[in-house]
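What follows is each chain in one-letter form.
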Amino acid sequence: MPHTKAPFRYDIVGSFLRPEALKNAREAFAHGKITAAQLEAAEDAAIAQLVAKEREIGLLAVTDGEFRRRYWHLDFLAALSGVEEIGATQWSVAFKGVQPKAATVKITDKVDFSDHPFLSHFRYLNTLAGNALAKMTIPSPSMLHLISCVRATDYTPIPRYEHEETLFEDIACAYQKAIHAFYAAGCRYLQFDDTSWGEFCDPEKRAAYESRGFDLDRIEHAYVAMVNRALEAKPADMTITMHICRGNFRSTWFSSGGYEPVAEILFGGCHVDGFFLEYDSDRAGGFAPLSHIKNQYVVLGLVTSKSGELEKKEDIVQRIREAQHYVPLDQLCLSPQCGFSSTEEGNILTEEDQWNKLRLIKEIAQSVWK
């Protein structure tokens, strides 16, 4: 029987390092040396090998590593109706040291979900999952608004969205359709990836947004309401979680700060089944904000995906015990702090490093939760 209780005691965020053969195929396609069909065949082969390795490691949830994407978020958002990817001279957020290829999205018409390519991506993954649970990761509903309307300094709403409440409702309804569509395709484990909350934890970013006239408390309440509206479509036997990220490109980051500024609004009000939370460095602060958690699972991202150096098992166990002061052990799980390759470039570690990280997480989880 397939595993259906997610999130799991040892789990994954989603992305994996792209193998060289896949990188080469993408490069060849970009230069017109292979066809789209040949690129898809290379993606299929790489994903099949990845899932086989995930199952060999003993993961109870498997992903396609986001191998068909350039970015963790833009590929999905740009394929929504009414949304277009556009070029950018630079990213609206600055990573510490290096920058990915700049791009963004723009809302040009009514936002909707139909005939999305990620549905076929999931169907292929599901054929490979075996007795593991196929997990699909997509950007959170709030990301479309954050990127297009908050980060962008030149946003002008189209006539339909002169009243912002209409945009929030359309995004939520589009995600309701997405939830129904993924469920019909067989998905029982869906994850919303979200960097907005990481930004709202950062004192410098909060000050910058507020200086531009944004009421962040209002936006945070609107984002929680939008996610909850989308979740009204969630069937009872489907798990939907949220991963909160502070940026992940080539082992760098763009936000810093504990969860205190958002904990009451987010943890106390959002109806997802679980939160994947970064806790691999001091930049994430302490565990006290977890006191606002209700009945959700908390997947502690205590093992970094930004370097290959293995954490000490006893240190991770100690931090799990510290988190227990705020959330019962039965509601806690363990994972990497983020994916290993939020963009196709990947973090600075080896494929063997990433598997060693997951072996360590499994070992610790089995010892802590027996």
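Refer to the preceding data block for the structure.
Just so it is clear, the structure is predicted and the values come from calculations on it, not from any experiment.

**Observations concerning the environment of I147**
- Considering the arrangement of structural elements, one finds I147 in helix α5 (residues 141–151).
- Accessibility expressed as a relative area gives 4% for I147, which makes it buried.
- Each C-alpha atom, one on I147 and one on S196, is 9.0 Å from the other, the two residues being 49 residues apart in sequence.
- Discounting chain neighbours no more than four positions away, the residues touching I147 are H73, L74, L77, T104, V105 and A152.

**Quick look at the sheet that holds strand β4 (residues 133–139)**
- Taken in spatial order, the seven strands of this open sheet run β1-β4-β5-β6-β7-β8-β9, and their pairing is parallel. The open sheet has two edge strands with one neighbour each: β1 (61–62) and β9 (332–336).
- Relative to the sheet, helix α4 (residues 117–128) contacts β1 and β4, its axis offset from that of β4 by approximately 160°.

**A look at the layout of surface pockets**
- As a volume, the second largest pocket reaches approximately 240 Å³.
- What lines the second largest pocket is a set of 12 residues, among which R26, E40, E43, R68 and H121 lie closest to the centre.
- Going through the elements one at a time, α1 (20–30), α2 (36–57) and α4 are the ones with two or more residues in the lining of the second largest pocket.
- The biggest single contributor to the lining of the second largest pocket is α2, with four residues.

**Quick word on the nonpolar core**
- In this structure, F182 and I320 are the most contacted members of the largest nonpolar core, which totals 111 residues.
- The greatest single-element share of this core, amounting to 10 residues, is contributed by helix α6 (residues 164–184).
- Leave out the neighbours within four places in its chain, and F182 touches F76, F113, F118, L119, F122, M136, I138, C187, L190 and M238.
- One finds F8, L133, F276 and V299 within the second-largest nonpolar core, a separate group that totals 10 residues.

Basis of the calculations
- Residues numbered from 1 in each chain as written.
- Predicted model: local features only at pLDDT ≥ 70, side-chain atom pairs only at ≥ 80, totals over all residues.
- Heavy atoms only, no water.
- Helix = DSSP H or I, 4+ residues; strand = E, 2+ residues; numbered from the N terminus.
- Buried < 20%, exposed > 50% of the residue type's maximum accessible area, 1.4 Å probe, protein only.
- Contact = heavy atoms within 4.5 Å.
- Pairing = 2+ DSSP bridges.
- Axes fitted to C-alpha atoms, helices over the stretch in contact; angles between N-to-C directions.
- 1 Å grid on protein atoms, 1.4 Å probe; cavity = no way out; pocket = protein on both sides within 12 Å on 5 of 7 lines; lining within 4 Å.
- Points joined across faces, edges and corners; volume = space filled by probe spheres on them.
- Core = buried A, V, L, I, M, F, W, Y, C linked by side-chain atoms within 4.5 Å.

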